[in-house]
Amino acid sequence: MRDERECCHKTKERTEKEYKDLINRLNRIEGQIRGIKGMVERDVYCTDILTQVAAVTAALGSFNRVLLENHIKTCVTRDIKEGREETVDELLVTLQKLMR
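The model shown is predicted, which means the values in this text are computed figures rather than measured ones.

Moving on to the nonpolar core. Grouped together as the largest cluster of nonpolar side chains are eight residues: L22, I29, I36, M39, I49, V56, F63 and V66. At the level of elements, α2 (16–41) and α3 (46–81) are the ones that each hand at least two residues to this core. Apart from residues lying up to four places away in sequence, M39 is in contact with V44, D48, I49 and Q52.

Have a look at this one:
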């Protein structure tokens, strides 16, 4: 298993489409978070805020699924073809973290 600091030095080149999709999703999530902050600042009723938090949670889940799918189709597949099967162990650790 790799040291967590080591993974931070890896990079991945993304296609223009993949990059734009991920950034657009993050921008929407960021806007939703700012909206929730504004709701708290305006003393909006709790259930209305909770509804928005649930929407952000769903958006983050969707972001994770898209990123994971791209990772498996590109990085993991490439590494397995190149004989770096330890990437499967790395993927399993990542999946365990996502499933907590």
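Right, picking up where we left off after that structure.
With that out of the way, let us pick up the pattern of salt bridges. With the rule as written, the count across this model stands at ten salt bridges. Between E30 and R34 there is a salt bridge, and its shortest N-O distance comes to 3.5 Å. Separated by four residues within a single helix, E30 and R34 lie in helix α2, roughly one turn from each other. The exposure class assigned to R34 is exposed, which follows from its relative accessible area of 52%.

The subject of this paragraph is the side chain of E18. For E18, the position within the fold is in helix α2. Within polar-contact distance, the side chain of E18 engages the side chain of N70 at 3.2 Å. In this structure, E18 is in contact with K12 and N70, ignoring residues within four places of it in sequence.

With that out of the way, let us pick up the side chain of D79. With respect to the secondary-structure elements, D79 resides in helix α3. By relative accessible area, which is 7% here, D79 ends up buried. Polar contacts involving the side chain of D79 include one to the side chain of T87, which spans 2.8 Å. Aside from chain neighbours lying at most four places away, what touches D79 is R84 and T87.

Reading guide: rules and limits
- Residues numbered from 1 in each chain as written.
- Predicted model: local features only at pLDDT ≥ 70, side-chain atom pairs only at ≥ 80, totals over all residues.
- Heavy atoms only, no water.
- Core = buried A, V, L, I, M, F, W, Y, C linked by side-chain atoms within 4.5 Å.
- Buried < 20%, exposed > 50% of the residue type's maximum accessible area, 1.4 Å probe, protein only.
- Helix = DSSP H or I, 4+ residues; strand = E, 2+ residues; numbered from the N terminus.
- Contact = heavy atoms within 4.5 Å.
- Salt bridge = Lys/Arg side-chain N within 4 Å of Asp/Glu carboxyl O.
- Polar contact = N/O pair within 3.5 Å; in protein donor to acceptor, adjacent residues only side chain to side chain.

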